[in-house]
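Residues per chain are reported as follows:
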Amino acid sequence: MSKANEIATYYDQTTATYLKIYGDVIQAFRPSSDKKLLNYLKNSIGLKRGQKILDAGCGVGGPAIFFAKKVNVTIEGVTVSPVQAEIATDRIRSKGLSSRVRIHKGDFHHLTQTFINADFDGAIFLESLGHAEDSVKVIEETAQLIKPGGFIYIKDFFKKESRDKIFQNKVDTVIGRMNENYCYNTLRLIPVIETLRLFDFEIEFIKKFDFNDDTSIRAAFEEDQNIEIFKGYEEFWPAEWLEIKCIKSK
């Protein structure tokens, strides 16, 4: 089974639980309020009225719906999960936003097959790029759809790396559990930055988030799913949550 099919199956099987515990915004790193998170992202991304945005890995459309209503942007969302695509489309229709938010069932490794001659003002990856089997390919595909002066924004966690072999072994063990349980491929910061620069993006910022992480929702989900990522490694975190924004120079 391909990685894309694995992820589609994973979300087809778990979306109902995510909706029950997380609600419409399926993002692990968050403050206590969905509204606070989405307002923070709106401002940090720098969304502006009239922009056309690609939401790559859009889930059930929670952020896309919020941004379309709050900022009056047009959003094209992509999810590999048929279940998520159907739920998102139904919710968008029920809110009267079908003219401004559209959902496509597809693999973000092949965005140029979904969007022919697209000209986006920006693309957002909200805890989705880590699902990529080949993040270089995903960024390359995305870059072809962004007009000069447009942006890519990434919210994700990035694996810690150290010359300390004992520390690195702990990191590798916990990250391995994360990847297995969440069908993930945790990103490494330097390769992502190098790839963005390779495709003519200049870094506007790389920073930590300006809010505290409320871990209670994530903990509730892991308890429900019998996930034990940190067993034997309590009070240890193997990755950094970061946000990256870069601008296409040409």
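Given the structure is predicted, the values throughout are model-derived calculations rather than measurements. (Residues numbered from 1 in each chain as written. Predicted model: local features only at pLDDT ≥ 70, side-chain atom pairs only at ≥ 80, totals over all residues. Heavy atoms only, no water.)

Focus on the packing of helix α1 (residues 3–21) against helix α9 (residues 216–224)
Then, number 1: Two elements in contact, α1 and α9, have axes separated by 10 Å at closest approach and are oriented at 130°. When the interaxial angle is binned, α1 and α9 end up oblique. Between α1 and α9 the crossing geometry is right-handed. Between α1, through Tyr10, Thr17, Tyr18, Lys20 and Ile21, and α9, the contact on the second element is made entirely by Ile217, Ala220, Phe221 and Asp224.
Then, number 2: Here the contact of α1 with α9 is composed, by residue class, of six nonpolar, one polar and two charged. (Axes fitted to C-alpha atoms, helices over the stretch in contact; angles between N-to-C directions. Helix = DSSP H or I, 4+ residues; strand = E, 2+ residues; numbered from the N terminus. Parallel < 35°, antiparallel > 145°, perpendicular 65-115°, else oblique. Left-handed = near helix turned anticlockwise from the far one by under 90°. Contact = heavy atoms within 4.5 Å. Nonpolar A, V, L, I, M, F, W, Y, C, P; charged D, E, K, R; others polar.)

Some details on the pattern of salt bridges
Then, number 1: All told, the structure shown has 13 salt bridges when counted by the stated rule.
Then, number 2: In this structure, Arg93 and Asp90 form a salt bridge, with 3.0 Å as the shortest nitrogen-oxygen distance. Remark: Asp90 and Arg93 occur in helix α4 (residues 82–94); sequence separation between them is three residues, near one turn of the helix.
Then, number 3: Arg188 is paired through a salt bridge with Glu161; the nearest N and O atoms lie 3.1 Å apart. Of the two residues, Arg188 is situated in the loop between α7 (165–182) and α8 (189–198) and Glu161 in the loop between β5 (146–159) and α7; the sequence distance between them amounts to 27 residues. (Salt bridge = Lys/Arg side-chain N within 4 Å of Asp/Glu carboxyl O.)

Considering the environment of Ala28
Then, number 1: With respect to the element layout, Ala28 can be found in the loop between α1 and α2 (34–45).
Then, number 2: Among residues more than four places away in sequence, those in contact with Ala28 are Tyr22, Glu127, Asp213, Arg218 and Trp241.

Notes on the pairing of strand β7 (residues 239–248)
Then, number 1: With respect to burial, β7 is a largely interior element, eight of its 10 residues being buried.
Then, number 2: Of the pairings in the sheet, the one linking β5 to β7 comprises nine bridges and is antiparallel in character. Residue pairing for β7: Lys159 is matched across the bridge by Ala239. (Buried < 20%, exposed > 50% of the residue type's maximum accessible area, 1.4 Å probe, protein only. Pairing = 2+ DSSP bridges.)

So, unusual backbone geometry
Then, number 1: We note that Asn72 has phi near 65°; this positive angle belongs to a residue other than glycine.
Then, number 2: Relative to the helices and strands, Asn72 is located in the loop between α3 (62–71) and β2 (74–79).
Then, number 3: You will see that Asn117, though not glycine, has its phi angle at about 55°, which is positive.
Then, number 4: Within the secondary structure layout, Asn117 lies in the loop between α5 (111–114) and β4 (120–126).

Looking at the nonpolar core
Then, number 1: Counting residues in hydrophobic clusters, the biggest one holds 55 residues, and the most contacted among them are Tyr18, Leu41, Ile45, Phe67, Ile124, Tyr153 and Tyr182.
Then, number 2: Considering each element in turn, this core owes the most residues, six residues, to α3.
Then, number 3: When near neighbours in sequence (up to four residues on either side) are disregarded, Phe67 contacts Leu38, Leu41, Lys42, Ile45, Leu47, Asn72, Val73, Ile75, Ile124 and Leu126.
Then, number 4: Counting 29 residues, the second largest nonpolar core, distinct from the first, contains Leu54, Ala123, Val192 and Phe201. (Core = buried A, V, L, I, M, F, W, Y, C linked by side-chain atoms within 4.5 Å.)

Thoughts on α7
Then, number 1: Here α7 is 18 residues long and its end C-alpha atoms lie 25 Å apart, about the 26 Å a rise of 1.5 Å per residue gives.
Then, number 2: Along α7, the residues that are buried comprise Gln168, Val171, Val174, Ile175, Met178, Asn179 and Tyr182. Along the axis of α7, the buried residues cluster in a sector spanning 140°; they form a single face. Projecting away from the buried face of α7 at angles above 90 degrees are the exposed residues Lys165, Ile166 and Glu180.
Then, number 3: The inward-facing, buried residues of α7 abut α1, β5, α9 and β7.
Then, number 4: At the N-terminal end of α7, a side-chain oxygen is found 3.0 Å from the backbone nitrogen of Ile166, two or three residues along, and the residue is Asp164.
Then, number 5: A positive phi of about 55° marks Cys183, the residue just after α7. (Expected span 1.5 Å × (residues − 1). Arc of directions from axis to C-beta. Polar contact = N/O pair within 3.5 Å; in protein donor to acceptor, adjacent residues only side chain to side chain.)

Examining a negative patch on the surface
Then, number 1: Together, Glu6, Glu133, Asp134 and Glu140 make up a negatively charged patch on the protein surface.
Then, number 2: With respect to the helices and strands, the residue Glu133 is situated in the loop between β4 and α6 (135–143). (Patch = residues over 30% accessible without salt bridge, like charges linked within 9 Å, V, L, I, M, F, W, Y side chains within 5 Å. Areas by Shrake-Rupley, 256 points an atom, 1.4 Å probe, with all protein chains shown as cover. Lys, Arg positive; Asp, Glu negative; His and termini not counted. Charge placed at Lys NZ, Arg CZ, Asp CG, Glu CD.)

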